[in-house]
Amino acid sequence: MTQNHHGSTGSGSGSGAVPSGSGAVPSGSGSDPGSSGSAGVPAVTFDDVRDAARRLAGVAHRTPVLRSRTLDALTGAEVHLKCENFQRVGAFKFRGAYNALSRLSPQQLARGVAAYSSGNHAQAVALAARELGSHAVIVMPEDSPESKKDATAGYGAEIVTYDRYTEDRVALGRKIAEERDLVLIPPYEHPHIIAGQGTTALELIEETGPLDALLVPVGGGGLMAGAATAATALVPGIRMIGVEPEAGDDTRRSLAAGHRVTVPVPRTIADGQAAETPGELTFSLNRWLLDSVVLVSDDEIRAAMKLAFERLKIVIEPSGATALAALLAGRIDLPSAPERPGRPGRSPHPPRVGVIISGGNVGLERFLELLG
């Protein structure tokens, strides 16, 4: 795929509230990356990510970046793990949710918010609503992990369940928002959500310095769109590599086709990446910013979770493990490290690779079941 690492820092997407009802965002379909339809200005810019970082300061955790000599030896790279399993609600989703809700007016917060999610966005919206004095109604699949449903309810949200294989969660979420006059907070189809997620890559690169590649799990595409917006602005030429489960390769197929395609509801242990089609806005950004998308099997995801537990001493959920799984399984054609100043030829140093561990929300019984 031809890439266009524009790293734009033009005017931001504004501070308007997330609309109620459809939550739709104009994304444009022209040649400009993620064009908002206003003179080719990208719908999400690096300025938006930096603004989100200021808004999240002191609210979201600045999560740790872990290193492991064992992991470096196994992969032939200098690996930097951005551990969003240590984020509030146990996943990166809190960043985008709080960034979006914090921009609502007092009147909108008083009305309340709605969201649809397989789990992590649900918890994020529930907690952000509680922090801001609002209340949330969350549409979740019946088969969402019990740990995620319990946590969402624990943050004070009302849960409405649906069958992910026979019902349309977007339509259900819109219906509830309209009937109850709630503000709908989409999981990835909004500039404020995307900008908030992009702070993961901003923090990572601020701590590590330039990276040769960044591996990011891809579901609806919001984390990748935000991370790529930040990373390509900070490190021109960085390789942005998305990772999807084999059963849910909607973004890979969409990039190959040049337009959004739909796949059957994925049946994979990576429940947070069980997307049928990329978001319209996220795809309009990712089609320009991604270099490639690779796939991992459920067994490879399990192997990554096992290594993370045994050698890194961290617990990560299946969706959070896919980027690490791709690296461990050799799915990545690692770039060569840049030539060192004053030394012609290839650098003797291994490539510097960032990996986003997107979440750790897995209950004990499910964890044992997956690795048993």
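Caption draft 1: Looking closely at the overall build of the protein. Each helix and strand counted, the protein has 14 helices and 10 strands in total. Of all 372 residues assigned to the protein, the portion counted as buried reaches 58%. Within the protein, contacts between residues at least 6 apart in sequence are counted, and of these 73% link residues at least 24 apart.

Caption draft 2: The arrangement of the sheet that holds strand E6 (residues 183–184) in detail. Taken in spatial order, the four strands make up an open sheet running E5-E4-E3-E6, and their pairing is parallel. Where the open sheet ends on each side, the last strands, each with one partner, are strand E5 (158–162) and E6. Across two bridges, the pairing between strand E3 (residues 113–116) and E6 is parallel. Directly across from alanine 114, in E6, lies its bridge partner leucine 184. Across the sheet, helix H7 (residues 169–180) touches E3, strand E4 (136–141), E5 and E6, and the angle it forms with E4 is around 160°.

Caption draft 3: A look at the pairing of strand E8 (residues 239–245). Of all seven residues in E8, six are buried, a share of seventy percent or more. Bridging between strand E7 (residues 213–217) and E8 involves five bridges; their strand directions are parallel. Note on E8: the bridge partner recorded for valine 216 is glycine 242. Once the chain exits E7 it traverses helix H9 (residues 222–234) before rejoining the sheet at E8, and the crossover so formed is right-handed. Note: E8 against strand E9 (residues 292–296), five bridges, orientation parallel. Each bridged residue has a counterpart across the sheet, and for glutamate 244 the counterpart in E9 is leucine 295.

Caption draft 4: Seen up close, the packing of H9 against helix H11 (residues 280–289). Viewed as axis vectors pointing N to C, H9 and H11 meet at an angle of 45°, and their least axial separation amounts to 9 Å. Overall, the two elements H9 and H11 adopt an arrangement that is oblique. Remark: the crossing between H9 and H11 carries left-handed chirality. Of the residues in H11, those in contact with Gly222, Met224, Ala225, Ala228, Thr229 and Thr232 of H9 are Thr282, Leu285, Asn286 and Leu289. Across the contact of H9 with H11, the residue classes break down as five nonpolar, five polar and no charged.

Caption draft 5: How the structure looks around the sheet that holds strand E1 (residues 65–66). Strand order in the open sheet formed by six strands is E1-E2-E10-E7-E8-E9, with mixed pairing between adjacent strands. This sheet does not close on itself; its edge strands, each paired only once, are E1 and E9.

Caption draft 6: Main features of the pattern of salt bridges. Going through the model one piece at a time under the given rule, you end up with 23 salt bridges. Between arginine 67 and aspartate 72 there is a salt bridge, with its nearest N and O atoms 2.3 Å apart. A relative accessible area of 42% places arginine 67 in the partly exposed class. The exposure class of aspartate 72 is buried, given its relative accessible area of 18%. In this structure, the salt-bridge partner of aspartate 249 is arginine 252, at a minimum N-O distance of 2.6 Å.

Caption draft 7: Region of the structure containing empty space enclosed by the protein. Scanning all chains against the criterion turns up two cavities of 30 Å³ or more. Within this model, the largest cavity holds a volume of roughly 50 Å³. As for the largest cavity, its lining consists of Pro145, Lys148, Asp271, Glu317, Pro318, Asn361, Val362, Arg366 and Leu370. Taken together, the residues that form the lining of the largest cavity break down as four nonpolar, one polar and four charged. In this structure, the second largest cavity occupies an estimated 30 Å³ of space. If you trace the second largest cavity, you find it lined by Val218, Gly220, Gly221, Thr251, Pro278, Thr282, Phe283 and Asn286.

Caption draft 8: Geometry of the packing of aromatic side chains. Going through the model one piece at a time under the given rule, you end up with two aromatic pairs. Taken together, a centroid distance of 5.7 Å and an interplanar angle of 35° make the contact between phenylalanine 94 and tyrosine 98 tilted. Taken together, the positions of phenylalanine 94 and tyrosine 98, both in helix H3 (residues 93–101) and four residues apart, correspond to about one turn of that helix. For the residue pair phenylalanine 94 and tyrosine 98, the accessibility class agrees, reading buried in each case.

Caption draft 9: Focus on the confidence of the model for the protein. The predicted model of the protein has a mean per-residue pLDDT of 87, with 85% of residues at 70 or higher. Overall, residues 1–33 carries pLDDT values under 50, and its contacts beyond four positions in sequence, including any with other chains, amount to 91 contacts. For the stretch residues 35–39, pLDDT sits under 50, and the model shows 10 contacts to residues farther than four places along the chain or on other chains.

Caption draft 10: Highlighting the pairing of E3. Burial of E3 is two-sided: the residues Val113 and Ala115 facing one way and the residues Ala114 and Tyr116 facing the other way are all buried. In terms of strand pairing, E3 meets E4 through four bridges, oriented parallel. Considered in E4, the bridge of alanine 115 is made with isoleucine 138. Handedness of the crossover joining E3 and E4 through helix H5 (residues 120–131) is recorded here as right-handed.

Each value, and the rule that gives it
For every chain, the first residue of its written sequence is number 1, and the numbers climb from 1 along that sequence. Given that this is a predicted model, residues contribute local features only at a pLDDT of at least 70 and side-chain atom pairs are listed and counted only at 80 or more, while totals for whole chains, interfaces and linings are drawn from all residues. Computation of side-chain values: all heavy atoms of the structure, hydrogens and water removed. Strands here mean DSSP runs of E at least two residues long; helices mean DSSP runs of H or I at least four residues long; both are numbered from the N terminus. Only protein chains enter the accessibility calculation, which uses a 1.4 Å probe; a residue is then buried when its area is under 20% of its type maximum, exposed when over 50%, and partly exposed in between. Contacts are residue-level and defined by heavy atoms, with any inter-residue pair within 4.5 Å sufficient. Only strands that DSSP links by at least two bridges are regarded as paired with each other. Orientation is described by axes fitted as lines to C-alpha atoms, over the contacting stretch for helices, and by angles from 0 to 180 degrees between their N-to-C directions. Crossovers are described as right-handed under a simple rule: with the strands pointing away from the observer, the path leading from the first strand over the helix to the second runs clockwise. Angle categories: roughly parallel below 35 degrees, roughly antiparallel above 145, roughly perpendicular from 65 to 115, and oblique for all the rest. Left-handed describes a crossing whose near helix is turned anticlockwise from the far helix through less than a right angle; right-handed describes the clockwise counterpart. Gly counts as polar in this scheme, as do all residues outside two lists: the nonpolar Ala, Val, Leu, Ile, Met, Phe, Trp, Tyr, Cys and Pro, and the charged Asp, Glu, Lys and Arg. Between Lys or Arg on one side and Asp or Glu on the other, a salt bridge is scored when a side-chain nitrogen of the former is within 4 Å of a carboxyl oxygen of the latter. Two kinds of site are reported from a 1 Å grid over the protein atoms alone, namely cavities, where a 1.4 Å probe fits but cannot get out, and pockets, open sets with protein on both sides within 12 Å along at least five of seven lines, and residues are called lining when an atom falls within 4 Å of a point. Grid points are joined across faces, edges and corners, and a volume is the space filled by probe spheres set on the points. A pair of aromatic rings is counted whenever rings of Phe, Tyr or Trp (Trp by its six-membered ring) have centres within 6.5 Å, and the orientation is called stacked for planes under 30 degrees apart, edge-to-face for over 60 and tilted otherwise. On a range of 0 to 100, pLDDT expresses the predictor's confidence in each residue.

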